[in-house]
Every structure is written in structure tokens, then in C-alpha cells.
Amino acid sequence: MACLEICNQKLQGDETKEEREICTLDGTIDWHGQPAIRSKTGGWVAGIIILLNQGLATLAFFGVGVNLVLFLTRVLQQNNADAANSVSKWTGTVYIFSLVGAFLSDSYWGRYKTSAIFQIIFVIGLVSLSITSQLFLIKPKGCGDENTPCESHSRLGTALFYLSIYLIALGNGGYQPNIATLGADQFDEEDSTEGHSKVAFFSYFYLALNLGSLFSNTILGYFEDEGLWALGFWVSTGSAFAALVLFLCGTPRYRHFKPSGNPIPRFCQVIVSAAKKSTVKMPSSEDELYNVDGKDCSMNHSRKISHTHGFKFLDRAAYISSRDLDNQGQGIDNPWRLCPITQVEEVKCILRLLPIWLCTILYSVVFTQMASLFVEQGAAMKTTVSNFHIPPASMSSFDILSVAVFIFLYRRVLDPLAGKLRKSDSKGLTELQRMGIGLIIAVMAMVLAGIVECYRLKYAKGECTHCEGSSSLSIFWQVPQYAFIGASEVFMYVGQLEFFNAQTPDRLKSFGSALCMTSISLGNYVSSFLVTVVMKISTEDHMPGWIPGNLNRGHLDRFYFLLAGLTAIDFAVYILCAKWYKCIKLEGKCEESEDQEHIKV
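Per-chain numbering applies: the sequence of each chain, read as written, is numbered from 1 onward. For this predicted model, a pLDDT threshold of at least 70 governs which residues receive local features, and a threshold of 80 or more governs which side-chain atom pairs are given and counted, while totals over whole chains, interfaces and linings are taken from all residues. Side-chain numbers come from the whole structure's heavy atoms, not from hydrogens or water.

J.: Any chance you could break down the overall build of the protein for me, citing the residues and the numbers?
T.: Along the backbone of the protein there are 19 helices and 2 strands. In this scheme, a residue with accessible area under 20% of its type's maximum is buried, one over 50% is exposed, and one in between is partly exposed, where area comes from a 1.4 Å probe on protein chains only. The 601 residues of the protein split such that 54% are buried. The contacts of the protein with a sequence gap of at least 6 include a subset with a gap of at least 24, amounting to 79%. Only the protein chains shown count as cover for residues, with accessible areas throughout obtained via the Shrake-Rupley method and a probe of 1.4 Å. When the accessible surface of the protein is totalled, it reaches about 26500 Å², and 63% of it is carbon and sulfur. To qualify as a helix, a DSSP run of H or I must reach at least 4 residues; to qualify as a strand, a run of E must reach at least 2; elements of each kind are numbered from the N terminus. In this analysis, two residues are considered to be in contact whenever any of their non-hydrogen atoms come within 4.5 Å of each other.

This is the structure:
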């Protein structure tokens with residue numbers, strides 16, 4: 001109501017009631033710190049700016065990342081193992097930095113300022129990489145293609161290169177979780193129309209990400225593969241700079257949530273307060289829990305969280321004991337003895353999210369195979385059509401096309417159909433249901449990849465030394481496995497973005513987006529660990545192992561089937577976690593009865 005009063009004060013006397021400008025209901029504010037007016041801020045105007053920004057920034061990032069392993073082997077003269085290890089560390093670091101960006105955003109800077117600062121770091125890193133490559137690394141000019149090795153490099157040039165790519169990792173990692181959440185902030189989920197637009201935004205956001213990477217994987221990848229590294233890096237730099245300028249141009253239009261301070265002390269206060277009252281007998285009624293009538297959330301323009309059952313030990317932190325009322329109320333003023341319900345529920349929300357998040361890590365292991373083992377498998381197949389050579393890495397274009405097709409099918413066909421079958425006015429499949437479907441499709445993708453590998457081995461030349469083109473089976477037999485991975489992304493990653501954004505408190509939205517990215521990071525590390533373990537076990541007794549240098553002597557199909565089995569087990573565990581999960585209950589949201597708290601799987 002306070003928001004509407006402020007809005008009404010802005011009205012002119014000659015305006016009619018229909019012309020009144022209404023504030024958003026989710027607590028967002030505008031650039032000047034005033035309650036955001038729906039007609040002048042946010043919406044699809046701001047959303048489209050952010051989508052374009054995401055597409056351009058993704059083009060810039062993958063313009064470096066997609067061929068980084070080739071740059072390390074051809075330009076810096078690293079061997080395959082060292083180059084793959086360097087890329088894995090770099091990729092993992094990108095996503096780990098997302099936690100840094102999320103922390104600064106939720107605690108101090110806010111999503112807009114954090115996104116702007118990390119985008120500037122991103123551009124600086126790309127400029128540095130472009131200059132370093134052109135002046136110090138690509139010598140003689142034109143080296144770095146498949147046939148022309150580069151000269152040895154100075155320590156200065158190598159040091160500047162690593163400084164540059166880790167600046168890029170810092171910039172992109174810190175930017176990614178905040179831009180996704182800032183885009184979602186432009187839609188008021190308390191309004192029915194904007195609430196549906198907010199759900200659609202995540203699908204279009206992931207589509208923009210994939211379309212940006214499509215250009216990098218095809219056009220830029222081709223030029224860099226031909227040795228035009230400096231040109232490729234400068235194109236990436238230009239794209240990142242254009243993304244930054246576009247982002248800044250939209251400044252007056254954005255809606256914002258105010259940062260709420262460091263969440264770590266708030267979490268610790270709940271744990272300590274509950275521990276101090278571990279021996280106190282709790283009442284059966286929740287009416288005696290500490291509630292400050294919304295003051296705890298309104299001061300930060302965030303919504304109050306209603307009390308939920310579960311983790312009852314933490315409820316002790318909100319129980320007003322007789323000691324809290326002693327000493328002239330000093331206990332009530334001490335957050336290390338008494339915490340409001342909303343603060344306690346923040347901790348509960350994060351604890352409930354963790355099992356779901358852990359179940360998504362193994363899916364990321366499957367997803368990372370597309371950039372590693374799928375490429376190696378493709379290189380050992382027939383890669384020519386007439387006289388045209390198809391780069392194995394370019395097959396990921398079918399993944400991107402699959403993402404685009406399935407986003408359209410889901411938004412226009414599957415989601416409306418699911419709503420009709422359920423005979424309700426709901427939005428169709430829930431986020432948890434879609435993530436489960438994503439896991440099932442991932443199992444199917446791994447099974448398909450294993451079957452293709454079985455047939456590849458059937459038509460392979462066993463004595464091939466280098467493996468490339470060693471099988472007469474066409475590389476286009478990989479299309480189904482790439483297409484299934486793309487379909488699974490639409491259900492898993494888009495659903496994951498929506499789920500973590502919807503189920504985290506207002507003061508921790510960027511942290512929710514960062515959880516999505518850290519699952520990808522841990523997926524890279526778990527994938528590397530699995531490959532190491534599998535190779536150690538399968539190479540005993542002088543056997544070549546499942547994934548040797550010459551794939552014709554190995555059993556890559558068994559590794560794919562192993563991943564399919566592990567993902568199937570992960571899906572079973574995920575079902576249990578999803579049935580146990582309870583929806584966050586924001587004020588004015590999640591008003592289901594107690595027996596409807598569980599989200600259906």
C-alpha cells in the first residue's frame with residue numbers, strides 16, 4: 001500500500017483514474033531509488049535490451065573459449081593433455097567466479113552495478129588478449145593454423161596471455177548470474193501478465209545464449225581454425241564492447257532490487273540463535289514466533305517469507321523466550337539471540353535447494369561431453385562430404401539448432417498442451433518436472449552416443465595410428481546425440497534458471513543463478529575425475545583402456561553407457577528430492593493449503 005501511495009502522490013490533478021501509473025508489487029525500485037512505475041520501467045523493452053546484451057556477450061566469450069584448446073596447442077605449443085587440462089581449469093574458474101559476482105551483487109553492489117563492472121573487466125580482458133596475441137604470440141604472422149606452428153614465446157607474452165584469459169574468466173563469470181537475474185527483475189511476478197512474461201524470459205535468455213555461441217562455433221571458429229586468431233579475438237572484443245554500450249543505454253529503464261548486505265552473518269545468526277535455545281521447549285503454535293510485521297523485509301524492498309514446516313530446529317531462532325523479554329527487551333534487539341521468521345526461512349530455503357542442486361551436477365557431466373568426447377568421437381569418423389571437410393567441433397551447431405527448435409516447441413506446443421491435460425489454469429509443467437524430463441533425455445542421449453560408437457567401431461580401421469577419419473561411418477550419425485543434448489538443455493537448464501530464481505529469497509536471487517553455473521563448473525571437474533578413474537581401472541594388465549589415444553582400440557561406448565547408468569541413478573535420487581522439496585512461500589504467493597506444499601514431480 002505504501003508503494004501505491006507514493007505513486008498516487010505523483011499523479012496530476014487532471015488525470016483520470018484509468019491513466020494512473022501503478023507501481024510494481026514485488027518491491028522493485030527505479031534508477032533513482034523510488035518505487036518502480038510499471039509503465040516506465042522494466043517489461044519487454046528492458047528485457048529485449050538484456051537479451052541482445054546476452055547474445056553479444058556470449059558471442060564474445062565463446063569466440064575465445066570454443067577454440068582455446070587449439071590456440072594452446074598450435075600457438076603456445078602445449079601438448080594435448082596439458083592444453084585440455086588448462087582449458088578445464090579455465091572453464092571451471094569461469095563458473096567459480098560466478099559465486100563472487102553473485103555475492104557482491106546480493107550483498108553490496110546490486111545486480112546492475114555488478115553486471116556493469118564485470119562487463120568492463122570482460123572487455124579489458126579481451127582487449128588485452130587481442131593485443132597480446134597480435135604483438136607477442138602470433139609469430140611469424142599467419143602461424144597457428146593446422147600446418148604452420150608458431151615460434152617459441154617470451155615469458156612476458158605467455159604471462160600476459162594467461163592474465164588476459166583469466167580477466168575474461170573473471171569478467172564473464174561475475175557477469176553471467178547477475179544479467180540473468182537482472183533480466184528476470186524486469187517482470188513483476190505478482191502481476192499475472194508480467195508473471196507469464198518472466199517465465200518466458202528465461203527460455204528466450206537461454207536461446208540468446210545459444211544463438212550467440214552459434215556464430216562463435218561456426219564463423220569465428222572457422223577463421224580461427226585457419227590461423228586468423230587476432231581477427232577472431234578482435235571480433236570478440238568488438239562484440240563485448242557493443243554489448244556493454246547497449247547495456248548502459250538501457251540504464252534508465254531497468255528495475256532494481258536493493259542489495260541487502262552480507263548474507264553470511266544473517267545465516268550465522270540463525271544457526272547461533274537456534275543453538276542457544278536448543279534446550280528450550282518449543283510451543284506447538286507458530287503464532288509465538290518472532291514476526292516484525294514485514295519490517296524485516298520492507299526495509300530492503302524485499303518480500304516477507306511465510307513460515308514453513310521442516311527444519312524445526314531452526315525455528316528456535318525465531319522463538320521469543322522469557323530470557324529474550326528480560327533485561328528490558330535487550331534480547332529482542334540482539335540478532336544473535338532472536339531472528340525474525342523471514343530470516344529463518346532464508347536459511348531453510350537454501351538448505352532445501354541444495355539436494356536439488358546436487359542432483360543437477362551429474363547432468364552437467366553429460367553436457368560437458370559435447371565439448372570433449374563427442375568431438376574426439378567425430379574426429380574418428382568420416383568427416384568429408386565430397387571434398388569439403390567438416391570440423392568435428394562444428395557439429396555442436398546441431399545442439400544449438402535443437403535448443404532453438406525445442407524452446408519454440410515447448411513454449412508454443414508442449415506447455416499449453418500440458419496445461420490442458422492437467423485441466424487447470426497453471427503454466428503447465430513445473431520447473432521440477434521439466435528438470436526431471438531433462439535428466440531422462442540426457443540418459444537417452446548417452447545411450448544414442450554409445451550405440452553410434454558401437455557402429456563406428458564396427459566400420460573402423462583397427463590399425464589407424466591417428467584415428468582421424470579412421471571409420472567409414474559418417475560424422476552425421478552424431479546428429480541425434482547432439483539433438484537430444486539440446487532438447488535436454490531446454491528442459492534442464494532453462495527449468496533450472498527458472499527454479500532457482502523463483503525459489504530463492506529476494507535478497508539472494510543472484511546466488512540462485514550462480515548455483516546453475518557452479519553445477520556446470522563442478523560437472524567439468526567430476527567429468528575429469530570420472531575419466532581419470534575409468535582410465536586407471538581399464539588400463540590394468542596393460543590394456544589400452546576405454547578412452548585411449550586411438551579410439552579404435554578402446555571402448556568409448558562403455559563410458560557413454562556408464563554415464564547413462566549413473567544419470568539414471570541420479571534421476572531416481574532426484575525424484576525423491578523433488579518429492580521432499582517444499583515451495584518457498586512469499587507474501588502474496590504460494591497460498592496453497594498445507595497438503596499442497598509439495599511440488600508435484
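J.: With reference to specific residues and values, describe the pattern of salt bridges.
T.: Whenever Lys or Arg places a side-chain nitrogen within 4 Å of a carboxyl oxygen from Asp or Glu, that contact is recorded as a salt bridge. As enumerated under the stated definition, the model contains 11 salt bridges in all. Among the salt bridges present, the one from R111 reaches D106, with a minimum N-O distance of 3.3 Å. Between K198 and E189 there is a salt bridge, and its shortest N-O distance comes to 3.1 Å. Each member of the pair K198 and E189 is classed as buried. Members of the salt-bridge network, linked through shared partners, are R38, D188, E194 and R255.

J.: Residue-level account of the side chain of Q369, with values.
T.: Within the fold, Q369 resides in the loop between α13 (341–368) and α14 (373–379). In this view, Q369 contacts F374, S527, F559 and L563; residues no more than four positions away in its chain are not counted.

J.: Mind laying out helix α9 (residues 263–276), listing which residues take part and the relevant values?
T.: Count 3.6 residues to each turn of an α-helix, and residues three or four apart come out pointing the same way. Expected helix span is taken as 1.5 Å per residue step, with the number of steps being one fewer than the number of residues. Here α9 is 14 residues long and its end C-alpha atoms lie 20 Å apart, about the 20 Å a rise of 1.5 Å per residue gives. What α9 keeps buried is the set P263, R266, Q269, V270, S273 and A274. Down the axis of α9, the buried side of the element spans an arc of 120°, and every buried residue falls inside it. Taken from the helix axis, the directions to the C-beta atoms give the arc we talk about.

J.: Any details on the packing of aromatic side chains? Residues and values, ideally.
T.: Side-chain rings of Phe, Tyr and Trp, where Trp is taken by its six-membered ring, are said to pair if the distance between their centres is within 6.5 Å; with planes under 30 degrees apart they count as stacked, over 60 as edge-to-face, and otherwise as tilted. For the coordinates displayed, the defined rule picks out 27 aromatic pairs. Here F499 and F500 contribute two aromatic rings whose centre-to-centre distance is 5.4 Å and whose plane-to-plane angle is 70°, an arrangement assigned as edge-to-face. Judged by relative accessible area, F500 falls into the buried class, the value being 0%.

J.: Tell me about the nonpolar core, residues and numbers included.
T.: In this text, buried Ala, Val, Leu, Ile, Met, Phe, Trp, Tyr and Cys residues form a nonpolar core when linked through side-chain atoms within 4.5 Å. The biggest cluster of nonpolar side chains holds 113 residues, and the ones touching the most others in it are F161 and I356. For this core, the element with the most residues is α13, which contributes 11 residues. The residues that make up this core include at least three from each of domain 1 (26–259) and domain 3 (344–461 + 472–584). Setting aside chain neighbours within four positions, we find F161 in contact with L68, F71, L72, L76, L129, T132 and L137. If you look at the next biggest cluster of nonpolar residues, it comprises 13 residues, including V270, Y290, Y319 and L338. How far each domain reaches was decided by an automatic or database domain assignment.

J.: Requested: an account of the state of the cysteines, with residues and values cited.
T.: Note that a disulfide, as used here, is simply two cysteine sulfur atoms within 2.5 Å. All chains considered together, the criterion is met by 1 disulfide. The residue that forms a disulfide with C143 is C150, at a sulfur-sulfur distance of 2.0 Å. Judged by the sign of its S-S torsion, about 95°, the bond between C143 and C150 is right-handed. According to the relative accessible area criterion, C143 is buried, its value standing at 0%. The buried category is assigned to C150, whose relative accessible area is 8%.

J.: An account of the confidence of the model for the protein is requested, with residue identities and associated values reported.
T.: Chain-level pLDDT for the protein is 81 on average; 86% of the residues reach the 70-or-more range. Between the elements of the protein, mean pLDDT differs from a low of 44, seen in helix α10 (residues 295–298), to a high of 94, seen in helix α19 (residues 556–580). Within the model, pLDDT remains below 50 along residues 294–299, and this stretch shows 8 contacts once partners closer than five positions in the same chain are excluded. pLDDT is a per-residue confidence score from the predictor, ranging from 0 to 100. Across residues 465–469, confidence stays below pLDDT 50; counting only partners more than four residues off in sequence or on other chains, it has 12 contacts.

J.: Outline the packing of helix α2 (residues 43–65) against helix α5 (residues 111–137), supporting the account with residue identities and numerical values.
T.: For helices, the axis comes from a line fit to the C-alpha atoms of the stretch in contact; other axes are also lines fit to C-alpha atoms, and the angle between any two N-to-C directions lies between 0 and 180 degrees. Relative orientation of the contacting elements α2 and α5 amounts to 35°, with a least axis distance of 12 Å. Between α2 and α5 lies a crossing whose hand is left-handed. Each of N53, A57, A60, F61 and V64 in α2 lies in contact with α5, whose residues at this interface are Q119, F122, L126 and L129. Under the scheme applied here, ten amino acids are nonpolar (Ala, Val, Leu, Ile, Met, Phe, Trp, Tyr, Cys and Pro), four are charged (Asp, Glu, Lys and Arg), and all others, including Gly, are polar. The residue makeup of the contact of α2 with α5, split by class, is 7 nonpolar, 2 polar and no charged. Handedness of a crossing follows from how the near helix is turned relative to the far one, being left-handed for an anticlockwise turn of less than a right angle and right-handed for a clockwise one.

J.: Describe unusual backbone geometry, and please don't skip the residues or the numbers.
T.: Going from K139 to P140, the amide bond is cis rather than trans, its omega being -5°. The residue P140 is located in the loop between α5 and α6 (155–185) in this model. The phi angle at F311 is positive, at roughly 50°, despite the residue not being glycine. One can find F311 in the loop between α10 and α11 (312–315).

J.: So what's going on with a nonpolar patch on the surface? Residues and values would help.
T.: Patch members must show over 30% relative accessible area and no salt bridge, and they are joined within 9 Å when carrying like charges or within 5 Å when they are nonpolar side chains of Val, Leu, Ile, Met, Phe, Trp or Tyr. Among the surface-exposed residues, F215, I219, Y222, F223, L228, L231 and V235 lie close enough to one another that they form a single nonpolar patch of about 600 Å² accessible area. Put simply, the parts of the chain that give the nonpolar patch at least two residues each are α7 (192–225) and α8 (229–249). Looking at the nonpolar patch element by element, the count peaks at 4 residues for α7. Summarising the element assignment, L228 is placed in the loop between α7 and α8.

J.: Go over the environment of I569, please, and point to the residues and values.
T.: Among the structural elements, I569 can be located in helix α19. Accessibility expressed as a relative area gives 54% for I569, which makes it exposed.

J.: So, the side chain of R352: which residues are in play, and what are the values?
T.: Position of R352 among the secondary structure elements: in helix α13. Positive charges are assigned to Lys and Arg, negative charges to Asp and Glu, while His and the chain termini are left out of the count. Buried charge without a salt bridge: R352, with E345 as the nearest opposite-charge side chain at an N-O distance of 4.1 Å. From its side chain, R352 meets the backbone oxygen of H309 in a polar contact 2.7 Å long. Whenever two N or O atoms come within 3.5 Å, that pair is a polar contact, provided that in protein one can donate a hydrogen and the other can accept it, and provided that, for residues adjacent in sequence, both atoms are side-chain atoms.

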